[in-house]
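Residue strings, one per chain:
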Amino acid sequence: MNTKTRYTEDDKMCSLVCGNHYMLFVLSRFGIPMGFGDASVGEVCRKHRIDVPTFLAVVNLSLYGRLDPREVNGLKPEAIVRYLHNSHEYFLNYRLPTLRSDLSEVIGGKDQKDVSVVVLRFFDEYADEVKKHMQYEEKKVFPYIRALIQGKADSGYHIDIFRKQHSQIESRLTELRDILLKYYVGKTGNEFNATLFDIFTCAEDLRQHNTLEDVLLVPLIEKIEKEAAR
Amino acid sequence: MKRMLTFTVAEPSEILREGMVSVLRKINAGFRVFQVGDLGQLEHHLSLERPDVLIVNPGFWKGENPAKGGNRDMLCVALVTDLRDEQKLQGFDASVSLYDDFEQLREKLGRLEPSPQEASESGKTLSQREKEIVSYVVKGFTNKQIADKLCLSQHTVITHRRNIANKLQIHSSAGLTIYAIVNKLVTLEEVK
């Protein structure tokens, strides 16, 4: 078991990923390819021009679920925004469509067509919700942050507006997961289980994504807003 | 009203047993607390009284996993009087130490309380009336329409719906629709 408390830039990238394979998502969203040999976290990040403290903050927050507010100091908001944008792409263009097509294949054998229809209806409503949630961030929040960094923020918007209306995003997916677990009576098998497994992973991934926005992005932008106001 | 927890404190030492009991009463005067001094009687007592929580000294309670006397939902709390016993805590749901202060004890034991929502409803099957209501809800009827159909007050319909949500842990109507289709409470045509 991994008993480490915090990762630092001197740890090997390979041990970071082996200690928690969820870090594969983090690496891909930072645009870090595999094949890093025995290089350290710091070395790999510098090679790919990624801000090391920002990378470590994302890693440690994802792994341990909390962040010392002081750690926010000096992080690169543009790197975090790029990271979140890549996550959005992943969820909207890859993960959710894949889950949908898997669900449509594994649910509903011969006499289960009805179940398949309502499960997909549920899923489509949910995917729509996620899309709206993420598009708001893409169209409103991220442009605001990019402008703020360049010192020309539009005065009508504040990160506080985002903080107040930012809702959790995975709860309906976990509801679907639980409904399938508790009440689904149709044929199940390897493919069904694999899909269920993916729902678990995706829900957890979405939860972490939201945590990142709430615990990392919002405090950082609040701080930059305060400095800008001076 | 919320049901009060019942405890059994199994401990041969009168001082420790009475001390634990008085701590429990101080945390919540409404707790029902049994005492067992003779541990040979414990199994018998547990099968008879079926307490929610057993507080027992891990040094006296034999076996890797505390046997739960046929009551699978019972929580076992170790009463640690000897720091060497700390290794024996496997299988216990929680532990309290002789050296915990009152706040720590309150915190640890308070955590055992089920949240009111899950108290008794969660996981139970729906009654016939509730199934009827589910089928109307997923067909798109409003609370008022359901109340009229079933000759109930709207308030009663709302209470039923809340109980349904608690029992099934399904909170959206799209989710309820899946449940209703799987359980053949409605047909696909009816929910279109």
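Residues numbered from 1 in each chain as written. Chains lettered and ligands numbered in written order. Predicted model: local features only at pLDDT ≥ 70, side-chain atom pairs only at ≥ 80, totals over all residues.

### Considerations on the overall build of chain B
Logical step 1: When helices and strands are counted, chain B shows seven helices and five strands.
Logical step 2: Helices and strands in chain B line up, N terminus first, as β-α-β-α-β-β-β-α-α-α-α-α.
Logical step 3: For chain B, with 192 residues in total, the buried portion stands at 26%.
Logical step 4: Taking all contacts inside chain B whose residues are at least 6 apart in sequence as the whole, residues at least 24 apart take part in 55%. (Helix = DSSP H or I, 4+ residues; strand = E, 2+ residues; numbered from the N terminus. Buried ≥ 20, exposed ≤ 12 C-beta atoms within 10 Å, placed from the backbone. Contact = placed C-beta atoms within 7 Å.)

### Description of the overall build of chain A
Logical step 1: A count of helical and extended segments in chain A gives nine helices and zero strands.
Logical step 2: Counting helices and strands in the order they occur from the N terminus, chain A gives α-α-α-α-α-α-α-α-α.
Logical step 3: Looking at chain A as a whole, 27% of its 230 residues qualify as buried.
Logical step 4: For chain A, long-range pairs separated by at least 24 residues make up 73% of all intrachain contacts whose partners lie at least 6 apart in sequence.

### With respect to the packing of helix α6 (residues 113–149) of chain A against helix α7 (residues 173–182) of chain B
Logical step 1: Two elements in contact, α6 of chain A and α7 of chain B, have axes separated by 9 Å at closest approach and are oriented at 170 degrees. The angle between the axes of α6 of chain A and α7 of chain B places the two elements in the roughly antiparallel class. Seen from α6 of chain A, the contacting residues are D114, V115, V118, V119, R121, F122 and E125 of chain A; seen from α7 of chain B, they are A174, G175, T177, I178, I181 and V182 of chain B.
Logical step 2: Classifying every residue of the contact of α6 of chain A with α7 of chain B gives eight nonpolar, two polar and three charged. (Axes fitted to C-alpha atoms, helices over the stretch in contact; angles between N-to-C directions. Parallel < 35°, antiparallel > 145°, perpendicular 65-115°, else oblique. Nonpolar A, V, L, I, M, F, W, Y, C, P; charged D, E, K, R; others polar.)

### Re the interface of chain A and chain B
Logical step 1: Counting residues at the interface gives 16 residues for chain A and twelve residues for chain B.
Logical step 2: Looking at the side of chain A that touches chain B, the elements with two or more residues in it are α6 and α8 (171–183) of chain A.
Logical step 3: Ranked by residue count, the leading element in the side of chain A that touches chain B is α6 of chain A, at eight residues.
Logical step 4: Among the residues forming the side of chain A that touches chain B, the class breakdown is ten nonpolar, no polar and six charged.

### Focus: the sheet that holds strand β4 (residues 75–80) of chain B
Residues and elements named next belong to chain B.
Logical step 1: The strand order β2-β1-β3-β4-β5 describes an open sheet built from five strands, whose pairing is parallel. Edge strands, defined here as strands with exactly one partner in the open sheet, are β2 (32–36) and β5 (94–97). Within this sheet the neighbouring strands show an average axis-to-axis angle of 20 degrees, counted without direction.
Logical step 2: Across four bridges, strand β3 (residues 53–56) lies against β4 in parallel orientation. When the bridges of β4 are listed, V56 appears paired with A78. (Pairing = 2+ DSSP bridges.)

### Comments concerning the pairing of β2 of chain B
Residue and element names in this part refer to chain B.
Logical step 1: As paired strands, strand β1 (residues 6–10) and β2 are joined by five bridges and run parallel to one another. When the bridges of β2 are listed, F7 appears paired with V33.
Logical step 2: Remark: the β1/helix α1 (residues 14–27)/β2 crossover connection has right-handed handedness. (Right-handed = clockwise from strand over helix to strand, strands pointing away.)

### Some details on the environment of Y64 of chain A
Logical step 1: Residue position: Y64 of chain A is located in helix α4 (residues 52–64).
Logical step 2: Along the primary structure Y64 of chain A and R6 of chain A are separated by 58 residues, whereas in three dimensions their C-alpha atoms are 8.2 Å apart.

### Examining the nonpolar core
For soluble globular proteins, nonpolar side chains are generally found buried alongside one another.
Logical step 1: The biggest cluster of nonpolar side chains holds 40 residues, and the ones touching the most others in it are V119, F122 and L176 of chain A together with V134, I178, Y179 and A180 of chain B.
Logical step 2: Going through the elements one at a time, α5 (77–106), α6, α8 and α9 (190–229) of chain A together with α4 (128–138), α5 (143–150), α6 (154–168) and α7 of chain B are the ones with two or more residues in this core.
Logical step 3: Leaving out residues up to four positions away in the same chain, F122 of chain A has contacts with L176 of chain A together with A174, G175 and I178 of chain B.
Logical step 4: Formed by 32 residues, the second largest nonpolar core is a distinct cluster that contains V44, F55, L84 and I159 of chain A. (Core = buried A, V, L, I, M, F, W, Y, C linked by C-beta atoms within 7 Å.)

### Brief notes about the confidence of the model for chain A
Logical step 1: Across chain A, the average pLDDT comes to 90, with 97% of residues at 70 or higher.
Logical step 2: Taken element by element, chain A is modelled with least confidence in helix α7 (residues 159–165) of chain A, mean pLDDT 87, and with most confidence in helix α3 (residues 41–47) of chain A, mean pLDDT 96. (pLDDT = per-residue confidence, 0-100.)

### What about the packing of α6 of chain A against α8 of chain A?
Residues and elements named next belong to chain A.
Logical step 1: Their axes nearest at 10 Å, the elements α6 and α8 cross at an angle of 160 degrees. Looking at the two axes, α6 sits roughly antiparallel to α8. You can see that α6 and α8 cross each other, and the crossing is left-handed. Counted together, F122, F123, Y126 and E129 of α6 and R172, L173 and L176 of α8 form the full contact between these two elements.
Logical step 2: Classifying every residue of the contact of α6 with α8 by side-chain character gives five nonpolar, no polar and two charged. (Left-handed = near helix turned anticlockwise from the far one by under 90°.)

### Description of unusual backbone geometry
Logical step 1: Of note in this structure, R49 of chain A is not a glycine but carries a positive phi near 55 degrees.
Logical step 2: The topology assignment puts R49 of chain A in the loop between α3 and α4.
Logical step 3: Phi is positive for Q169 of chain B, close to 55 degrees, though the residue is something other than glycine.
Logical step 4: On the secondary structure map, Q169 of chain B appears in the loop between α6 and α7.
Logical step 5: For Q169 of chain B, a count of 17 C-beta atoms within 10 Å translates into the label partly exposed.

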